[in-house]
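Spelled out, the chains give:
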Amino acid sequence: MGTDARADPRRYLDVGQLVTESGGRLDSVTLAYESWGTLDAAGDNAVLVLHALTGDAHVVGPAGPHQPTPGWWDGLIGPGAPVDTDRYFAVAANVLGGCRGSTGPSSIAPDGRPYGSRFPRLTIRDQVAAEAALADALGIRRFAAVVGGSMGGMRALEWAVTHPGRVDRCLALATCASFSADQIAWGAAQLAAIRSDPEFRGGDYYGGPAPLAGMAIARQIAHTTYRSALELNTRFGRSPQGSEDPLRGGRFAVESYLQHHGDKLAGRFDPNSYLVLTEAMHSHDIGRGRGGVAAALGRITAALTVSVVDSDRLFLPVQGELIATAPTARPLVVMHSDYGHDGFLIEADAIAAVVRGALDGPAGPGPRS
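Everything numeric in this text was worked out from a predicted model, so none of it was measured. What you see as residue numbers is a count from 1 along each chain, following the sequence as written. Per-residue local features of the predicted model are confined to residues with pLDDT of at least 70, and side-chain atom pairs are confined, for both listing and counting, to 80 or more; whole-chain, interface and lining totals are unaffected and use all residues. Calculation of side-chain values draws on the structure's entire complement of heavy atoms; hydrogens and water are dropped beforehand.

A. The arrangement of the sheet that holds strand E8 (residues 169-173) in detail. Strand pairing is assigned whenever DSSP identifies at least 2 bridges connecting the two strands. In this description a helix means any DSSP run of H or I spanning at least four residues, a strand means any run of E spanning at least two, and both kinds are numbered starting from the N terminus. Spatially, the eight strands line up as an open sheet ordered E1-E2-E6-E3-E7-E8-E9-E10, and their pairing is mixed. Each end of this open sheet is capped by a strand with a single partner; those strands are strand E1 (11-19) and strand E10 (333-335). For this sheet, the mean angle separating the axes of adjacent strands, direction not counted, is 25°. In the sheet, E1 pairs with strand E2 (residues 25-36) via seven bridges, with the strands oriented antiparallel. Paired with Leu13 across the two strands is Leu31, which belongs to E2. The convention used is that axes are lines fitted to C-alpha atoms, helices contributing only their stretch in contact, and that angles between N-to-C directions extend from 0 to 180 degrees.

Written out as structure tokens, the structure reads:
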């Protein structure tokens, strides 16, 4: 994979073979990642930052020739920042199944063709397995903290449950211990929108038009769940879009807003990755095969910080309350935001306070090898 090292902030590591929970096999997995700061000799001052559904490894920094979007948690990492690179080695990887440099459906398979429909179904646990292989390759023995929100929070929890001896602190923001029927229902409509696009062709559309219209509709559905009713009603009300008249075929302003976000995603994301990652979220249940959620939470030895957004209608605050019943959990942090689920990205001061508080607090009592 050729890159311009002077302009591309990402690095790429082949972390080896992965056999997925579904029995699929990837002979060679590449993860694209960015890092900040210096790993200490003991290999235990690292902080792993995990992105949400359509995020990537670019947590902080501007957009550029190889990076279509600016950092999605800009200000979180750096000297004196909440993840202080004078103390910590921060690392963020594009998730397995993604499309920003890591192995995913658009990657070239061993036969020289894109995986497309042949890409195996993934779970959150598969993604964490790939991230653990990356940590091994980077010489990270244990993490001072694993931090994530939304889908990233799912992986943070899975890290703490699967690898208790490697995680000192776990920060789970606006997430859940298991994806609910309501959440799966919202995701199912998004999957159907993409698969119903005539350009989808069973997932083997590479080399031709992609099912971008279907993904744009999926994003509109998703974005509605990411924002609160209060924000949409206050911001748009029943206003028409500019001079358009909804009674004569024109759009309401909120329709234009959703269409903008749907079209915007088409310029930077692969529809197959959207499917693979959404289905991975559907698989999420830290209690699966472990005796239930309470038993899984009991496995966590990391100091656990859980934060919810009070207006979140996708990841309900009650789901965070459940996670905060873990034996090692600190008191639940409730962030106020009028923006709904996206508050975990928008409310920069509140997020910074949560991260600083967790990193300044004691580590969990997990075994140190």
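B. Region of interest: the side chain of Arg169. On the secondary structure map, Arg169 appears in strand E8. Partly exposed residues are those whose accessible area sits between 20% and 50% of the maximum for their type, while under 20% is buried and over 50% is exposed, using a 1.4 Å probe and protein chains only. For the charge count, each Lys or Arg is scored as positive and each Asp or Glu as negative, with His and the chain ends excluded. For this document, the term salt bridge refers to a Lys or Arg side-chain nitrogen within 4 Å of an Asp or Glu carboxyl oxygen. Of the side chains with opposite charge, Asp168 lies nearest to the buried Arg169, which makes no salt bridge, at 4.7 Å. Polar contacts involving the side chain of Arg169 include one to the main-chain carbonyl oxygen of Gly361, which spans 3.1 Å. Residues contacting Arg169, with those up to four places away along its chain left out, are Phe143, Ala144, Ala145, Val146, Ala302, Ala303, Ala358, Leu359, Gly361, Pro362 and Ala363. Polar contact criterion, stated in full: a pair of N or O atoms within 3.5 Å, where within protein one must be able to donate a hydrogen and the other to accept it, and residues adjacent in sequence count only if both atoms are side-chain atoms. Here a residue-residue contact requires only that any non-hydrogen atoms of the pair lie within 4.5 Å.

C. Spatial organisation of the side chain of Arg142. Residue position: Arg142 is located in the loop between helix H1 (124-138) and strand E7 (143-149). Its relative accessible area of 0% is what places Arg142 among the buried residues. A polar contact of 2.7 Å, which involves the side chain of Arg142, links it to the backbone oxygen of Gly165.

D. Structural context of helix H3 (residues 181-195). One less than the number of residues in a helix, times 1.5 Å, gives the span that helix is expected to have. The terminal C-alpha atoms of H3 lie 21 Å apart, and with 15 residues this matches the ideal 21 Å at 1.5 Å per residue to within 8%. Within H3, the full set of buried residues consists of Gln183, Gly187, Gln190, Leu191, Ala193 and Ile194. Buried residues in H3, looked at end-on, bunch into an arc of 160°, giving them a common side. In the core, the buried residues of H3 are packed alongside helix H4 (212-226), helix H7 (271-282) and helix H9 (317-323). In this description, the arc belongs to the directions extending from the helix axis to the C-beta atoms.

E. How the structure looks around the pattern of salt bridges. Applying the stated criterion to the full structure yields 21 salt bridges. A salt bridge links Asp136 to Arg166; the nearest nitrogen and oxygen atoms lie 2.9 Å apart. Remark: Arg166 occurs in the loop between helix H2 (151-162) and E8 and Asp136 occurs in helix H1; sequence separation between them is 30 residues. For Arg166, a relative accessible area of 16% gives the class buried. Residues joined by salt bridges that share partners form a network here, namely Arg227, Glu231, Arg235 and Asp342.

F. Summary view of the packing of H1 against H2. The geometry of H1 relative to H2 is characterised by a closest axis approach of 9 Å and an angle of 70° between their N-to-C directions. When the interaxial angle is binned, H1 and H2 end up roughly perpendicular. Here H1 and H2 pass one another in a crossing that is right-handed. Contact residues: H1 offers Ile124, Arg125, Gln127, Val128, Glu131, Ala132 and Ala135, while H2 offers Met151, Met154, Arg155, Glu158 and Trp159. Any angle that falls under 35 degrees is termed roughly parallel, while one over 145 is termed roughly antiparallel, one within 65 to 115 roughly perpendicular, and all others oblique. Definitions for this section: a left-handed crossing has its near helix turned counterclockwise from the far helix by less than a right angle. A right-handed crossing has that turn clockwise.

G. Representation of unusual backbone geometry in the model. Positive phi, close to 60°, is recorded for Ser150, a residue that is not glycine. Even without glycine at this site, Arg201 takes up a positive phi of about 50°. Locating Arg201 in the fold gives a position in the loop between H3 and H4. Since its relative accessible area comes to 39%, Arg201 is described here as partly exposed.

H. Local environment of the pairing of E2. Following E1, the chain reverses through five residues before pairing antiparallel with E2; Gly23 in that reversal takes a positive phi of roughly 95°. Pairing geometry for E2 and strand E6 (residues 89-93), over four bridges, is antiparallel. Looking at E6, one finds that Ser35 is bridged to Val91.

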